[in-house]
Structure formats: C-alpha cells, structure tokens
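Fold and geometry: a report
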Amino acid sequence: MSSAALSLELPWVEKYRPHLLKDIVGNQETIARLQQIAQDGNMPHLIISGLPGIGKTTSVTCLAHELLGKSYSQAVLELNASDDRGIDVVRNQIKQFAQKKTSLPPGRHKIVILDEADSMTAGAQQALRRTMELYSNTTRFAFACNQSNKIIEPLQSRCAILRYSKLQDDQVLKRLLEIIKAENVQYTNDGLEAIIFTAEGDMRQAINNLQSTVAGFGLVNGENVFKIVDSPHPLVVKKMLLAPSLEESLVFLKTLWEKGYSAVDIVTTCFRVTKNLDDVKEGVRLEMIKEIGFTHMRILEGVGTYLQLAGMLAKISKLKI
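Residues numbered from 1 in each chain as written. Predicted model: local features only at pLDDT ≥ 70, side-chain atom pairs only at ≥ 80, totals over all residues. Heavy atoms only, no water.

**Quick look at the overall build of the protein**
The helix and strand tally for the protein stands at 17 helices and seven strands. Considered along the principal axes of its C-alpha atoms, the protein spans approximately 70 × 50 × 35 Å. Burial analysis of the protein (321 residues in total) assigns 45% to the buried set. With the model as given, the accessible surface of the protein reaches about 16,800 Å², and the carbon-plus-sulfur share is 52%. Positive and negative side-chain charges in the protein, numbering 38 and 35 respectively, have mean positions lying 6 Å apart. (Helix = DSSP H or I, 4+ residues; strand = E, 2+ residues; numbered from the N terminus. Buried < 20%, exposed > 50% of the residue type's maximum accessible area, 1.4 Å probe, protein only. Areas by Shrake-Rupley, 256 points an atom, 1.4 Å probe, with all protein chains shown as cover. Lys, Arg positive; Asp, Glu negative; His and termini not counted. Charge placed at Lys NZ, Arg CZ, Asp CG, Glu CD.)

**Quick look at the packing of aromatic side chains**
Following the criterion strictly, the structure yields three aromatic pairs and no others. On the numbers, 6.4 Å between centres and 65° between planes, the contact of phenylalanine 197 with phenylalanine 226 is edge-to-face. Linking phenylalanine 197 in helix 10 (residues 189-199) with phenylalanine 226 in helix 12 (residues 222-229), this pair joins segments that are 29 residues apart in sequence. Assessed through its relative accessible area of 19%, phenylalanine 197 is described here as buried. With a centroid separation of 5.6 Å and an interplanar angle of 70°, the aromatic rings of tryptophan 257 and tyrosine 306 are classed as edge-to-face. Note that tryptophan 257 is positioned in helix 14 (residues 246-258) and tyrosine 306 in helix 17 (residues 306-318), a separation of 49 residues in sequence. (Phe/Tyr/Trp six-rings, centres within 6.5 Å; stacked < 30°, edge-to-face > 60°.)

**Here we look at the nonpolar core**
By size, the foremost hydrophobic cluster in this structure holds 68 residues, and its most contacted members are Leu34, Leu63 and Leu176. Discounting chain neighbours no more than four positions away, the residues touching leucine 34 are Leu21, Leu46, Ile48, Ser59, Leu63, Leu162 and Tyr164. Ala127, Met132, Phe143 and Ile151 belong to the second-largest nonpolar core, a separate cluster that totals 22 residues. (Core = buried A, V, L, I, M, F, W, Y, C linked by side-chain atoms within 4.5 Å. Contact = heavy atoms within 4.5 Å.)

**Some details on the layout of surface pockets**
If a probe as big as a water molecule is rolled over the atoms, it shows which places are left empty. Looking at the largest pocket, its volume works out to about 520 Å³. Around the largest pocket, the lining comprises 23 residues; the ones closest to its centre are Glu193, Phe197, Pro234, Arg272 and Asn276. At the level of elements, helix 10, helix 12, helix 13 (234-242) and helix 15 (263-275) are the ones that each hand at least two residues to the lining of the largest pocket. With five residues, the top contributor of residues to the lining of the largest pocket is helix 10. Its volume calculated, the second largest pocket comes out at about 380 Å³. Every residue lining the second largest pocket is counted, 21 residues in all, and those nearest its centre are Arg17, Gly53, Ile54, Gly55 and Thr58. For the lining of the second largest pocket, the secondary-structure elements that each account for two or more residues are helix 4 (56-68) and helix 11 (203-217). For the lining of the second largest pocket, the residue count by class is eleven nonpolar, four polar and six charged. Mapping the lining of the second largest pocket onto the domain boundaries places at least three of its residues in each of domain 1 (12-163) and domain 2 (169-229). (1 Å grid on protein atoms, 1.4 Å probe; cavity = no way out; pocket = protein on both sides within 12 Å on 5 of 7 lines; lining within 4 Å. Points joined across faces, edges and corners; volume = space filled by probe spheres on them. Nonpolar A, V, L, I, M, F, W, Y, C, P; charged D, E, K, R; others polar. Domains from an automatic or database assignment.)

**Some remarks on helix 14**
With 13 residues, helix 14 should cover 18 Å at 1.5 Å per step; its first-to-last C-alpha distance of 18 Å lies within 8% of that length. Listed as buried for helix 14 are Ser249, Leu253 and Leu256. Down the axis of helix 14, the buried set is contained in an arc of 60°. They therefore lie on one face. Within helix 14, the exposed residues directed more than 90 degrees away from the buried face are Glu247, Val251 and Glu258. (Expected span 1.5 Å × (residues − 1). Arc of directions from axis to C-beta.)

**What about the pattern of salt bridges?**
Across all of its chains, the model carries twelve salt bridges by this definition. Measuring nitrogen to oxygen at the nearest pair gives 3.9 Å for the salt bridge that ties aspartate 279 to lysine 238. On the criterion of sequence distance, the pair formed by aspartate 279 in the loop between helix 15 and helix 16 (282-300) and lysine 238 in helix 13 is long-range, its members being 41 residues apart. Residue aspartate 279 is classed as exposed on the basis of its relative accessible area, which comes to 58%. Lysine 238 sits in the partly exposed class, given a relative accessible area of 31%. Linked by salt bridges that have partners in common, Arg130, Glu133 and Arg158 make up one network. (Salt bridge = Lys/Arg side-chain N within 4 Å of Asp/Glu carboxyl O.)

Okay, here's the thing in structure tokens:
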C-alpha cells in the first residue's frame, strides 16, 4: 500500500463512527428520545452527561445531521475543549454564529455543539445565559460533558438533561465483532475479553485498543492486548489476590513492580478483578474492595509506594478467602 493511501486511512474510531441515531450502541431509552426530537424537528437546548467514550458527542452530531441534512455544514458550530472557549469566544464567535442568516428547512434551528462543556470557565458559562435567551428563536445549544454538576445552575435550568450510562460488555462486543468482520482481523476469544475488560464500557477506548493491537501484533489475543494497553494481566493479579499465603502474594506483586507497572495500574486492576471474583463469598469480596479502595485513595493522594500495596495484600490475606 502506498504512503498516500496509508495517510488517508482513518482511525477506526472515526471510520466506524455512527452517522444515524439508530446506529448508536447502548442507552436505548435516551437515543429513543433523541429520535423523537429528530422526528418532531423541535430540538430543545440539551445537556448530555456521562462517562467518556460512550457516544455523547456522536449522538449530538447524529441528531444535528438528521435535523439539518445538507444544511449541516453551514448551520452547526462545534467547539471542543481543545479550542479556546473563554468569555471572548462566547461574545464573539458564538454570538456571530447565532446572528448569522442561514436558510434552513422550516422549523429547524442552527445548533451550537459544545463538547467537554464542563471545562468551560464560569465566566463563559455566565455569558452564555444571555446568548441562549436572545437567540433561542434561531439557535439551539447542545452541551456534552462528563459531569453535569460542573455546568452552572442557570444553564442547567434552560436545558433538557440526558444522562448516559456506561455501555454493557455485550454491547461493546457486538460493535467490536462488526469491525473485526469488516477489517478481517485475526483474533482469539481471550483477546476480545481483554479488550472489553480494559475498556470498562468505553467504546472509543475499546476500538482504539483493537486497532492498536492489530497494528502492533496482527493477532488480537489476551497477551498482546495487555502489552498494548500496558496494564497488569488480570490472571496474574487474580493469583496475587487469591494466593494461599502472603509470601506468595508478595512474589506476584514484586514481579509486577519490577516490570515497571505503577501503583495506580496495579491497584485499579486489583479492583476490576475483585469486582468479578465470583468464586469468593460476597462478604469477603466487599471487604477486599474496601481495602483496595482505601489503598487507591492513599495512592491518589501521592503515597504510591510498594509498601502501600504490600500492606493492602497483608490485610486481604487476613480475610478468610
């Protein structure tokens, strides 16, 4: 393949991005409400909140495409967190766009999409209040954010708030299998399990990890995926947590530590593994999660030492697993 052809190759996360609301995976009830808005044509101001990589921005752009059709390029202003979105942008760029005359299908409005809206300054959000009111006859605003509580109250009260939940493993698997078939990817079942385990409901990360593994190794199997995501192998972590003695647990920990995994990598994988430990009594599992949680908190406060992890394993080994 020529270098020109390679440069045109899109990342899979863009290549397989849905263009219609019906193609979006997960959050069926919320998507159904957006489909109703697309049918009626009267879009309210929207806030869509939820975890990264679950389709918030994609939903808004799909809705805008279905509402505006060929007018999309003239009638949509999209601003991301990487753009400067201080008070000047609201006063100038957004205001100019709202004032701009555009020929649209009857009953349709121009749309301003503000991605990562929770990172906008409070001053810019305050300035938006008046802009939203002044131009509500011609322009609608859609905010995509991870945490809706970081959007100021006056903006929240002007919007319909839609909350997106984390995608289910089977929903992520279904989309991965579609991409694998389209791209003719060689894979094993444990490779798919590894991608789903590390993505934790984040479709964007799952697709990126799939493409990275294919680019790096060709074959998508568990070992290759964990090398790509640079995360401790969950089977090793499981053996470490369930080892019959503390000494054996510490041998596994030492191996992971010497491979260069950080304390955060190890403790977060411990949590993910413990969450799915079906062969441990629920009461014991909850105690394990509590100890892992306390250790995680201390590590995030800056005490990311080997001693913290060894102490966590010592407390877990005292539980009657």
